[in-house]
Amino acid sequence: MAQRTTLFVNLFVLLTIQLFISGVVSTSFTILNNCDYTVWPGILSNAGVSPLPTTGFVLQKGESKTLTAPTSWGGRFWGRTHCTQDSTTGKFSCVTGDCGSGKVECAGSGATPPATLAEITLDGHGGLDFYDVSLVDGYNIPMMFTPQGGTGQNCTNTGCRADLNDACPSELKVTGVDGGAGVACRSACEAFREPQYCCSGAYGTPDTCKPSSYSEIFKNACPRAYSYAYDDKSSTFTCASVNSYTITFCPSPTTSQKASQPQEGQNTENANPSPHSAGAGSGTGTMIYEGALDEEINGSPSTRPHVLGFQGLAGLISVTLAIWQLWKPFF
Ligand SMILES: *[C@@H]1O[C@H](CO)[C@@H](O)[C@H](O)[C@H]1NC(C)=O
């Protein structure tokens, strides 16, 4: 009896330690404003995951902020530009990427398109992080998503360095309050609401929804970013064992890229011919995209985790000790 009590006490202690360790293992995100103007990042956590400590803040040019995300966190980052606070009502609003909260914090609201999005799910299928930069909801700011360290075949930076506000076709262009220079570039889906651009209705599958002349403008400028809803194969990246990611607004011109990391534009898609899988979906491009990502995460059996690391180790120790406790009387 005493043996058994000791065993349970031991197990309890070890499980507690394991829980503690798994709670401590986390990923950090550094958001850097490399633009020569102020950016107000917004953050939206996926449904059902605990939010980050902040959902919106200001970054003056050159400033950065580091946030720690819990294990298995998922969500999106974007940049708001040309923001002002109304001097009489106190209401905060932005010309691009506004989340409609009326405040600097977005508090559970997402970006109003057009907005460049950096999306990530930590610790997804096979213990891998899945991330991308998406122009499915349009474009408002150059953005780069860079894993620091980490392993995996396509564990590289992704994003969009190009200034698509200048290159934007006039029918998609959003100009500032003064009507002058472009401040954002709409997706064809948002601009024309046609099923073939939105991958909806009869165009709601990867086979029927093809890139359009508009999405190709985005793809040519930013080969690694999502240009339309079913662009997964060349736009979803995965990493294991990353401790931190950097999200950089206005990454170019920059000389700080690691030489070992392929630059954006050298596409890795051909080196990695994995079967394309995407989910069906309807509604806005972003919704479709999320369905597609889920399918990607749940669908294909892929490499086994490196990420399970600490938790696995603690578990192994618990089990070994438990077996040892059980067999001790016989020695
Ligand atoms: C990266 O790897 C994932 C999982 O193997 C795959 O689905 C995706 O298409 C790859 N992405 C690129 C850009 O090669």
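These numbers come from a predicted model, not from an experiment.

Q: Sorry if this is basic, but what is going on with the environment of Thr246 here?
A: Mapped onto the secondary structure, Thr246 falls in strand β13 (residues 244-249). In this structure Thr246 comes out as partly exposed when scored by C-beta crowding, with 19 C-beta atoms within 10 Å. Each C-alpha atom, one on Thr246 and one on Ser28, is 8.5 Å from the other, the two residues being 218 residues apart in sequence.

Q: Looking at this structure, how should I read helix α5 (residues 213-221)?
A: Side chains three or four residues apart in an α-helix point the same way, a direct result of the helix having 3.6 residues per turn. All of the buried residues in α5 are Tyr214, Ser215, Ile217, Phe218 and Ala221. One face of α5 carries all of its buried residues, which in axial projection span an arc of 150 degrees. Within α5, the exposed residues directed more than 90 degrees away from the buried face are Ser213 and Asn220. Packed against the buried residues of α5 are β9 (158-160), α2 (164-167), α3 (188-192) and α4 (195-198).

Q: Looking at this model, I keep getting lost on the environment of Leu67. Mind explaining?
A: Structurally, Leu67 can be placed in strand β3 (residues 64-69). Since 17 C-beta atoms lie within 10 Å of it, Leu67 is described here as partly exposed. Measuring from C-alpha to C-alpha, the distance between Leu67 and Leu52 comes to 7.3 Å, with 15 residues separating the pair along the chain. Beyond its immediate stretch of four places on either side in the chain, Leu67 contacts Ser28, Phe29, Leu52, Pro53 and Thr54.

Q: So what exactly am I meant to see when it comes to the confidence of the model for the chain here?
A: Interpretation of this model should avoid reading the predicted coordinates in detail wherever pLDDT is low. Considering every residue of the chain, the mean pLDDT works out to 80; 69% of them sit at 70 or more. Long-range and interchain partners of residues 254-311, a stretch whose pLDDT sits below 50, account for 99 contacts in this model, where long-range means more than four residues apart.

Q: How should the pairing of strand β11 (residues 182-185) be read in this particular structure?
A: Within a regular strand, side chains alternate between the sheet's two faces. By the bridge criterion, three bridges tie strand β10 (residues 173-175) to β11 in an arrangement that is antiparallel. Looking at the pairing, Thr175 lines up with Gly182 of β11. Turn length for the β10-β11 hairpin, with the two strands adjacent in sequence and antiparallel, is six residues, and the turn residue Gly179 shows positive phi of about 75 degrees.

Q: Honestly, the pairing of strand β1 (residues 27-33) in this entry has me stumped. Any pointers?
A: A large share of β1 lies buried, amounting to five of its seven residues. Looking at chain direction, β1 and β3 are connected through six bridges and run antiparallel. In the strand pairing of β3, Phe29 is matched with Leu67. Sheet topology note: the β1/β13 ladder contains six bridges and is parallel. Within β13, the residue paired with Ile31 across the bridge is Ile247.

Q: Got a minute to help me understand the sheet that holds β13 in this structure?
A: Strands pair in a sheet through their backbones, by hydrogen bonds, and they do so in one of two ways: parallel or antiparallel. The five strands are arranged β3-β1-β13-β8-β9 in an open sheet whose pairing can be described as mixed. Looking at strand neighbours, the two that pair on one side only are β3 and β9, the edges of this open sheet. Across the sheet, the axes of successive neighbouring strands diverge by a mean angle of 20 degrees, strand direction being ignored.

Parameters at a glance
Residues numbered from 1 in each chain as written. Predicted model: local features only at pLDDT ≥ 70, side-chain atom pairs only at ≥ 80, totals over all residues. Helix = DSSP H or I, 4+ residues; strand = E, 2+ residues; numbered from the N terminus. Buried ≥ 20, exposed ≤ 12 C-beta atoms within 10 Å, placed from the backbone. Arc of directions from axis to C-beta. Contact = placed C-beta atoms within 7 Å. pLDDT = per-residue confidence, 0-100. Pairing = 2+ DSSP bridges. Axes fitted to C-alpha atoms, helices over the stretch in contact; angles between N-to-C directions.

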